[in-house]
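Spelled out from the first residue to the last, the chains are:
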Amino acid sequence: MTAVDDHPALEIGKARRRKEDQRLLTGRTRWTDNIQLPGMLHLAMVRSPFAHARITSVDTSVATQAPGVIGVFTGSDLDGQGLIANAWPLNEEQKTPDHLPVAVDHVACAGEIVAVVAARSAAAARDAAELVDVDYEELPAVLDAREALTDAVLVHPELGTNRSAFWQLDSAEAGTGGDVEAAITTARAEGILIEREYRQQRLVPAFMEPRSTVVDPTGEQIVMWTATQIPHILRFLIAATTGISEAKVRVIAPDVGGGFGGKLQTTPEEFATLAVARRTGRPCKYTETRSETMVSCHHGRDQWQTLTLAATKDGTVTGLKVDLLADLGAYVAILGGGVPVLGAWMFNAIYKFPAYQFNCQTVLTNKTWVDAYRGAGRPEATYAIERLMDELAAEVGVDPLVIREKNWITHEEFPFTSVAGMTYDSGNYEAATARARELFGYDELRAEQRRRREGGDTVQLGIGVSTFTEMCGLAPSRILGALNYGAGGWEHASIRMLATGKVEVLSGATPHGQGHETAWSQIVADRLGVAFEDIEVLQGDTQIVSRGLDTYGSRSLVIGGEALVKAADRVIEKARHVAAHLLEASADDLRFSAGQFTVAGTDKGISIGDVANAAWRGHNLFDGAEPSLDSDATFDADTFSFPHGTHLCAMEVDTETGATRMRKYVAVDDIGTIINPLIVEGQEHGGILQGVAQALWEEAEFDDSGTLVTGSFVDYTLPTAADTINFVTDNTVTPATTNTLGTKGVGEAGCIASTPAVVNAVVDALRHLGINDIQMPLTPQRVWKAVQSAGTDPGGPSQEAQPHFAEGALNQDPSAGATDGAAQ
Amino acid sequence: MTRVHVTVDGVQYSDDIEPRMLLVHYLREVVGKVGTVIGCDTSNCGACTVHLDGASVKSCNVLAVQADGHEVTTIEGIAVDGELHPMQQAFHEHHALQCGYCTPGMIMQALDLVRENPTPSEEEIRLGLEGNLCRCTGYQNIVKAVAACASTMETSTTARPERSAAR
Ligand code: FES
Ligand code: FES
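In this text, all values refer to a predicted model and were calculated from it rather than measured experimentally.

On to the overall build of chain A, then. Helix and strand counts for chain A stand at 21 helices and 28 strands. Taking 824 residues into account, the globule formula puts the C-alpha radius of gyration at 28 Å, and chain A, at 28 Å, falls close to it. C-alpha atoms of chain A, sized along the principal axes, occupy 90 × 75 × 50 Å. Restricting the contact set of chain A to residue pairs at least 6 apart, pairs at least 24 apart contribute 80%. Roughly 27000 Å² of accessible area belongs to chain A as shown, and the carbon and sulfur atoms make up 50% of that amount. Positive and negative charge centroids in chain A, built from 66 and 109 side chains respectively, lie 4 Å apart.

Let us look at the side chain of A:E292. Of note, A:E292 is situated in helix α9 (residues 290-296). Classification of A:E292 as buried rests on a relative accessible area of 13%.

So, on to the nonpolar core. Considering soluble globular proteins, one finds that nonpolar side chains tend to be buried as a cluster. Core analysis: the biggest nonpolar cluster contains 153 residues, and A:L309, A:W345, A:F347, A:F358 and B:F91 have the highest contact counts within it. Shared between two domains, this core takes at least three residues from each, and those domains are domain 1 (2-77) and domain 2 (86-158) of chain B. Look past the residues within four positions of A:F347 in its chain and what remains in contact with it is A:Q305, A:L307, A:L320, A:V322, A:L324, A:F353, A:Y356, A:F358, A:E380, A:A381, A:A384 and A:I385. A:A519, A:V524, A:L528 and A:A567 belong to the second largest nonpolar core, which has 48 residues in total.

The subject of this paragraph is the sheet that holds strand β15 (residues 356-364) of chain A. Residue and element names in this part refer to chain A. Pairing within the open sheet is mixed, and its five strands lie in the order β7-β15-β14-β13-β8. If you trace the sheet from one side to the other, it starts and ends with β7 (163-170) and β8 (192-203), each paired once. Each strand of the sheet is rotated relative to its neighbour by a mean of 10°, with strand direction disregarded. Here nine bridges tie strand β14 (residues 317-329) to β15, and the two strands are oriented parallel to one another. In the strand pairing of β15, A326 is matched with T362.

Counted as a void, the largest pocket has a volume near 1100 Å³. Along the wall of the largest pocket there are 46 residues; nearest its centre are A:A122, A:A123, A:R126, B:H25 and B:E29. Those elements that place two or more of their residues in the lining of the largest pocket are β1 (41-47), α3 (122-129) and β12 (284-287) of chain A together with α1 (23-31) of chain B. When residues in the lining of the largest pocket are grouped by element, the largest group, six residues, is from α3(A). Looking at the lining of the largest pocket, its residues break down into 21 nonpolar, twelve polar and 13 charged. In this structure, the second largest pocket occupies an estimated 480 Å³ of space. Forming the walls of the second largest pocket are 28 residues, and the residues nearest its centre are A:R23, A:A253, A:P254, A:D255 and A:E517. Residue assignment for the lining of the second largest pocket shows that the elements contributing at least two residues are α1 (21-26), β11 (249-252) and β21 (535-539) of chain A.

The next subject is the environment of A:D730. Following the sequence through the fold, A:D730 ends up in strand β28 (residues 728-731). For the pair formed by A:D730 and A:Q36, sequence separation is 694 residues and the distance between their alpha carbons is 44 Å.

This next bit is on the confidence of the model for chain A. For chain A, the mean per-residue pLDDT works out to 94, and 95% of the residues sit at or above 70. Residue range residues 793-824 of chain A is modelled with pLDDT below 50. Its contacts to residues more than four positions away, or to other chains, number 70 contacts.

Counting residues at the interface gives 53 residues for chain A and 44 residues for chain B. Summing both partners gives a buried area of about 4200 Å² for chain A against chain B, and 54% of it is carried by carbon and sulfur. Three residues, A:L25, A:M208 and A:A721, lead the burial of chain A against chain B; their summed loss comes to 17% of the area buried on that side. Our count for the contact surface shared by chain A and chain B stands at six salt bridges. Across the pair A:E698 and B:R135 runs a salt bridge whose closest N-O atoms are separated by 2.7 Å. There are 25 residue pairs in polar contact (both at pLDDT 80 or more) connecting chain A and chain B. Elements with a minimum of two residues in the side of chain A that touches chain B: α1, α3, α9 and α19 (677-696) of chain A. Looking at which element gives the most residues to the side of chain A that touches chain B, the answer is α19(A), with nine residues. Considered class by class, the residues forming the side of chain A that touches chain B number 24 nonpolar, 19 polar and ten charged.

Now for the domain arrangement of chain B. All names here are of chain B. Each assigned domain of chain B is listed with its residue range as follows: domain 1 (2-77) and domain 2 (86-158). Each of domain 1 and domain 2 was reduced to a C-alpha centroid, and the two centroids are 22 Å apart. At the junction of the two partners, domain 1 supplies 18 residues and domain 2 supplies 13 residues. Contact between domain 1 and domain 2 buries roughly 1200 Å² in total, counting both sides, with carbon and sulfur atoms accounting for 56%. For the interface between domain 1 and domain 2, the tally reads zero salt bridges. Linking domain 1 to domain 2 there are nine residue pairs in polar contact (both at pLDDT 80 or more). At the level of secondary structure, the elements contributing two or more residues to the side of domain 1 that touches domain 2 comprise β3 (49-52) and β4 (55-58). Per-class residue counts for the side of domain 1 that touches domain 2 are seven nonpolar, ten polar and one charged.

In this section: the packing of helix α2 (residues 86-93) of chain B against helix α3 (residues 103-116) of chain B. Each packed pair of helices is defined by two parameters, the angle between the axes and the distance between the axes. All names here are of chain B. Viewed as axis vectors pointing N to C, α2 and α3 meet at an angle of 120°, and their least axial separation amounts to 10 Å. Between α2 and α3, the angle is such that the two are oblique. At the point where α2 passes α3, the crossing takes the right-handed sense. The segment α2 lies against α3, with M87, Q88 and F91 engaging T103, M106, I107, A110, L111 and V114. Here the residues of the contact of α2 with α3 are counted per class, giving seven nonpolar, two polar and no charged.

Moving on to helix α8 (residues 268-280) of chain A. Residues and elements named next belong to chain A. Taking 1.5 Å of rise per residue, 13 residues should cover 18 Å, and α8 covers 18 Å from first to last C-alpha, within 8% of that figure. With ten of 13 residues buried, α8 is to be regarded as a mostly interior element. Among the residues of α8, those classed as buried are P268, E269, E270, F271, A272, T273, L274, A275, V276 and A277. Count one or two residues on from α8 and you reach G281, which has phi positive near 70°.

Criteria and thresholds
- Each chain carries its own residue numbering, running from 1 in the written order of its sequence.
- Chains carry letters and ligands carry numbers; both start at the beginning, A for chains and 1 for ligands, and go up in the order they are written.
- Residues qualify for local features only when their pLDDT is at least 70, as the model is predicted, and side-chain atom pairs are given and counted only at 80 or more; totals for whole chains, interfaces and linings, by contrast, use all residues.
- Note that water and hydrogens are dropped before the side-chain values are worked out from all heavy atoms of the structure.
- Runs of E in the DSSP output that reach at least two residues are strands. Runs of H or I that reach at least four are helices, and both are numbered from the N terminus.
- The globule rule used here is 2.2 Å times the number of residues to the 0.38 power, and the radius of gyration it is set against is calculated over C-alpha atoms.
- Contacts: residue pairs with any heavy atoms within 4.5 Å of one another.
- Surface accessibility follows the Shrake-Rupley procedure with a 1.4 Å probe radius. Residue values consider only the protein chains on display as shielding.
- Here the positive residues are Lys and Arg and the negative ones are Asp and Glu; neither His nor the chain ends is included.
- To locate a charge, the coordinates of NZ of Lys, CZ of Arg, CG of Asp or CD of Glu are taken.
- Any residue under 20% of the maximum accessible area for its type is buried, any over 50% is exposed, and the rest in between are partly exposed; the area is computed with a 1.4 Å probe on protein chains only.
- Here, nonpolar core means buried Ala, Val, Leu, Ile, Met, Phe, Trp, Tyr and Cys residues that are tied together by side-chain atoms lying within 4.5 Å of each other.
- Reported domain spans reflect what an automatic or database domain assignment gives.
- At least two DSSP bridges between two strands are needed for those strands to be called paired.
- Here an angle of 0 to 180 degrees is reported between the N-to-C directions of two axes, which are lines fitted to C-alpha atoms, with helices fitted over the stretch in contact.
- As defined here, a cavity is a set of points on a 1 Å grid over the protein atoms alone where a 1.4 Å probe fits but cannot get out. A pocket is an open set with protein on both sides within 12 Å along at least five of seven lines, and residues line them when an atom is within 4 Å of a point.
- Grid points are joined across faces, edges and corners, and a volume is the space filled by probe spheres set on the points.
- Only Asp, Glu, Lys and Arg are considered charged, only Ala, Val, Leu, Ile, Met, Phe, Trp, Tyr, Cys and Pro nonpolar, and every remaining residue, Gly among them, polar.
- A residue's pLDDT is the confidence the predictor assigns to it, expressed on a 0 to 100 scale.
- Take the accessible area each of two parts loses on contact, using a 1.4 Å probe, and add the two losses: that sum is the buried area.
- Note on definitions: salt bridges are taken to be side-chain nitrogens of Lys or Arg within 4 Å of carboxyl oxygens of Asp or Glu.
- By the criterion applied in these results, polar contacts are pairs of N or O atoms within 3.5 Å in which, for protein atoms, one can donate a hydrogen and the other can accept it, and in which residues neighboring in sequence qualify only through two side-chain atoms.
- Working definition: roughly parallel below 35 degrees, roughly antiparallel above 145 degrees, roughly perpendicular at 65 to 115 degrees, and oblique for all remaining angles.
- Crossings are sorted by hand: turned counterclockwise from the far helix by less than a right angle, the near helix makes the crossing left-handed, and turned clockwise it makes it right-handed.
- Take the residue count of a helix, subtract one, and multiply by 1.5 Å to get its expected span.

So this is what it looks like as structure tokens:
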């Protein structure tokens, strides 16, 4: 039985303008760095310039004497500073180096904190940080993941190896499919074998608000304000690693300026600020500079993907084997190896592959640590398979959409259990693709492509296809348990019915730009039949919302939204009994619709607001009634949700200069029920551009000594308004069946789908020249080099089976030599 | 220490400051105008954009002493009596902000853009905002909002764009 007899969707689906905008538009926002407390000290970090070194001594005497300085602290001064934890060891054997917030005697990457200066102003702290004299004994560093596998140079000598963990999913062993080696052998003999190596370059999340932390140790309870996606997880880990009682720690994420996974971390800076605040007994603030963000905030991606796709001659895929080498950087971050492993269920994507094997080796290197960045594991998987499907189409000689249609799960086949063992509940790939084709003008653009090709135009046109799915709603607690993850994946909500008729909604999902206040209000307004304007959403504070698992992995709506529905239903059930008493009727005879309880067959009724007020007064309740309608709920899903979509991209490529220009981009996403189309559109726009940026512009590059050379916004090229075009976005809807709202999640979709769409388009523009890959990012220089070397390649546009992973060669792409970005 | 006299959002301030202090630090730390934010340390992001005598500047790229005797308008000075400026309203209407961190700078830059060119094309808007980074929106709705605002301000008889510069 549902609590609501009839709930017209008045708010759900409406393009409500956002509640959170007013303060953001007028500069009345509560960013962490805006917080000032009496007597507050400002911190500056002294960071290692070396990628790998032993700290032989730290002389703080001069810095301590500098004007305004209250104290200078090294790692050994900060007893009980806590630990930066890995919450997802892939298995018992995983090698996990200890990660101290402030290093004591060893640094494993540039940017690691070796001392903290506390001063009365931020400028004084920074000046004094220059005066801390650290003696390092520089050690050899290993920067290349493949080189790290040899263990010739060790990132953490005490571990004895750089290999952190190996993780496998094999369909034959799991009983979810056939034997991949057999499929490969058959394809080699009588079918098609596509063998490729793809590089997922390292990226920087680059949220716009630099991270900032304020800790107030005054009083019994320690309060930390911090720019984080995960206040609840942070509170738990502070307690678990410092020994401070969990009840004495309050973490507040005030307004947070973007995250994209980059603020899904418990950071050395947060723990160092906490330690110095406790040590000095004074409120402390640390706000990083952008240059510090670039080197010290975890990076994303960074994988080498070795892929073998087996198919019959007509293009029916018979097996896929994936070998990942995932560079973790210097430490195993909070999700760490879990990020590439999330790809395990996604390489098979929307297709019916009979055999599959996924292998992932994680490895430590002397570079910035790596963790979740928008999509986390799923973009990498989607990139690989969508690139491969285009290669297969080229091999068979058919349109890339044809090869997908041949292999995808048809809409009649849902629910469908994939070769990786995941059950997809719903979807309609045909519908999304048909709509995308239509919006794109697919046939016209193909005709133009032919014309340009035949006319020998110097500017060629390419069309890129990306049909993707993702697993969202991270994550069912039982599955996380089976994967050895340290926490659950539920979400919590509370609804408080105030005496004035207003409603307070508390959610454990903590936003950083997603518009939760608006979307949650829409959901609760419909469910309770109260006005959108009468709802206030409280979030991001562990004292106000005591339970929560925060925001990442497109989980807020799918998991947190469902918790809201459950809490609202409990409010209604409590109210039903109070209303029955007030209306002198039996609870069974009451109908609840649009916020009103009515007695069947009479004109008697009462609004839920009046019931709430009556419950608050408590003057006239039935015997034994509790004078409150407030309710809590925690929702844990049984399985993931599976948004999907078809993205089409047209790129113009100037074969003389290597310059690329986006002509058109169409995205049709099926994200299930849409709560607010305006917010959905915004998520898609931003996500798509982040994925395009990986394809065309962004890469975190280190030099030979392990210094990040793209260490500021001067060198790390984020796209600007002038670099991009308007995307065409639309939605098809097949509701999810795994939550009552039918939602699937949208936060990561654009970023997952767009990278292969763009690269497929550029490769498609040049395929007739014999080019079948260019390494990301596709800078004009790389494209130009690819064109140049293709022209001199006597083999021409050969589509013969590729040589099997020639030593040192990347992607069989002669342009992408070891000197050209392949070093990391 | 140097004494500066600066008018910020219509109010006069006199302060003794270190000569090396950047305008953005003066606004945030001394005057308390924390609506103006800092996104980088290389003058690339534009998050700190304010108006100096009516024209946009990146306030991390100006010393506070250079503002001595001048008028500064920040994001906090453009709404009147709680009523949003048309550019703020357009950003709200077109969902041109997500986390909102870039928004103050983006709006101040957009106002400068339409002041100089009241009828900008999409291309001109994109170029005009090139110095302001946004990681959330993909810029699409920002461009839409600026275009919509420019056209309403053009046709509006109460022409408010100059007002922000004059205050
Ligand atoms: S803070 Fe001024 S441009 Fe980035
Ligand atoms: S809205 Fe987040 S950076 Fe622009």
